[in-house]
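# Chains, contacts and geometry: an overview
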Amino acid sequence: MGKNILAGHTFKVTVEEIRNIDFTKKMQNIMINDVDYTLYSYPIIDFNKKTIGYICTVTQLVEYKEAFSASLFKNFLLIIVSVFIILFIMRREISDLFKEITYIQNITQKIKNRNFSSLHEVEVHLNTSVDPLVRLEQNVMEMGLELEKQYTLLEDDNREKSQQLIEQLYRDELTGLGNRNALIKDLEDNTSSYLAIFNIRNFREINDAFGYEVGNYILKELAVRYEPRANEEGYSVYRVASDEYVIRTLNEISKNDFKQTVLRMILNIENAQFPVKDENVDININMYAGICFDENRKLEKAAMALDQAKKDKKELVIYTNKENTKDIHLKNLAMVNKLIKALNNDAMVVYYQGIVDYDEKIHKYEALIRMKDQDTVLSPYLFLELSKRT
């Protein structure tokens, strides 16, 4: 191909080899003298933009390819080795990283389940140097501790309110004794206990004469004076109505001993004095009592016995089937209903009986009340005492 013009060196090429070259290709591999070369073709363009010839350069790339291949293999091997070295060095850090992520996940789940005990086991758990994870765990721990504080406050508040509701449900507000609900609950738990119900005689008159403050004072004073003594002797004390108290046995006791205990309590209360400082007077009170030894409907039957004691003006009545206390109670209820109906229907009739003086003239009249029950006129003996009590 001539002597050196612009090339590093030249070599001879046969016409046949030149004919096998496709000069339209910018780059191609050719074989000259059984040696591989790379041919680069550059077209020569005239002013009419027509190709009038080609300038070609030939480069032998065998040595370069071998060097490049060797260098590429060496670099690839170096990269692989470097990756394994890095992974080997960082394997512990990566393992700790995954452990920490798992730990934070577990802590979050425990907080969600309101299990805050793990928050106090360690102060700092992280062994990683990744700052975001350090901050994340700290934030999770702080959030958990704050939630624990708020949840504890909420639990305490709920516990206090629940206790207050229980107190209101089972505790008499004025005296602090158990109320009717507490008594019913305790009777369900112990059906073998004996029961006595006490009523203050004419308690309304005390309220009317001295005011409700004095009445409340007496009610509270009864609880203060006699509940501790009753508890020591094996009894529970309840206030079940305005002026009614109940004692219930906690231990086994004979019926006669329980009756004597009730009588002794009545005597102690009636001998006691309740000084009213503002009025400069001492108040004495009297009691009615009803006892029930049966195992069912204790409070109802004791109340029946108490009503019978009031009617008979007795200190104490014991409920027994022989006395037909229930029948008497039912008759009284029926008579009360008739009385209410008569008052609403103007069925109360007044009879006037003239009172004659020595001159046989009527000077005044005695008024006698009667109650009409359909075609029957009832004597006040049947309803007057009931009307006073109701």
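Since this is a predicted model, take the numbers as computed values, not measurements.

Moving on, we get to the overall build of the protein. Helices and strands together make up the secondary structure of the protein, namely ten helices and 13 strands. Here the analysis covers contacts within the protein between residues at least 6 apart in sequence; of these, 50% occur between residues at least 24 apart.

Here we come to the side chain of arginine 248. Here arginine 248 is to be found in strand S6 (residues 244-249). Among the polar contacts listed, one links the side chain of arginine 248 to the side chain of tyrosine 238, at a separation of 3.0 Å. Apart from the residues lying within four places of it in its own chain, the contact partners of arginine 248 are Leu183, Asp186, Leu187, Asn190, Ser193, Tyr194, Leu195, Gly234, Tyr235, Ser236 and Tyr238.

Restricting attention to buried positions, one finds in helix H4 (residues 180-189) the residues Ala182, Leu183 and Leu187. Angular distribution of buried residues about the axis of H4 spans 130 degrees; they occupy a single face of the element. Of the residues in H4, the exposed ones pointing more than 90 degrees away from the buried face are Glu188 and Asp189.

Time to look at the environment of leucine 343. For leucine 343, the position within the fold is in helix H9 (residues 325-344). Residues leucine 343 and methionine 371 lie 28 residues apart in sequence; the distance between their C-alpha atoms is 8.9 Å.

Attention now moves to the sheet that holds strand S1 (residues 27-32). The strand order across the open sheet formed by three strands is S1-S2-S3, and the pairing between neighbours is antiparallel. Looking at which strands have only one partner, the edges of the open sheet turn out to be S1 and strand S3 (51-59). Here the average twist between neighbouring strands, direction ignored, is 40 degrees. Here six bridges tie S1 to strand S2 (residues 35-45), and the two strands are oriented antiparallel to one another. If you follow methionine 31 over to S2, its bridge partner there is aspartate 36.

Now for the pattern of salt bridges. On inspection of all chains with the given rule, the structure shows eight salt bridges. A salt bridge links aspartate 189 to lysine 185; its shortest N-O distance comes to 3.8 Å. Placement of the pair is aspartate 189 and lysine 185 together in helix H4, with a separation of four residues, close to one helical turn. For aspartate 373, the salt bridge goes to lysine 338, with nearest N and O atoms at 3.1 Å.

For the rest of this paragraph, the subject is a nonpolar patch on the surface. A grouping of Val350, Tyr352, Val356, Ile362 and Tyr365 is seen on the molecular surface, where their side chains present a nonpolar patch of about 530 Å² in accessible area. The element best represented in the nonpolar patch is strand S11 (residues 348-356), accounting for three residues. By the secondary structure assignment, tyrosine 352 is in strand S11. On the accessibility criterion, tyrosine 352 (59% relative accessible area) is exposed.

Rules of the game
Residues numbered from 1 in each chain as written. Predicted model: local features only at pLDDT ≥ 70, side-chain atom pairs only at ≥ 80, totals over all residues. Heavy atoms only, no water. Helix = DSSP H or I, 4+ residues; strand = E, 2+ residues; numbered from the N terminus. Contact = heavy atoms within 4.5 Å. Polar contact = N/O pair within 3.5 Å; in protein donor to acceptor, adjacent residues only side chain to side chain. Buried < 20%, exposed > 50% of the residue type's maximum accessible area, 1.4 Å probe, protein only. Arc of directions from axis to C-beta. Pairing = 2+ DSSP bridges. Axes fitted to C-alpha atoms, helices over the stretch in contact; angles between N-to-C directions. Salt bridge = Lys/Arg side-chain N within 4 Å of Asp/Glu carboxyl O. Patch = residues over 30% accessible without salt bridge, like charges linked within 9 Å, V, L, I, M, F, W, Y side chains within 5 Å. Areas by Shrake-Rupley, 256 points an atom, 1.4 Å probe, with all protein chains shown as cover.

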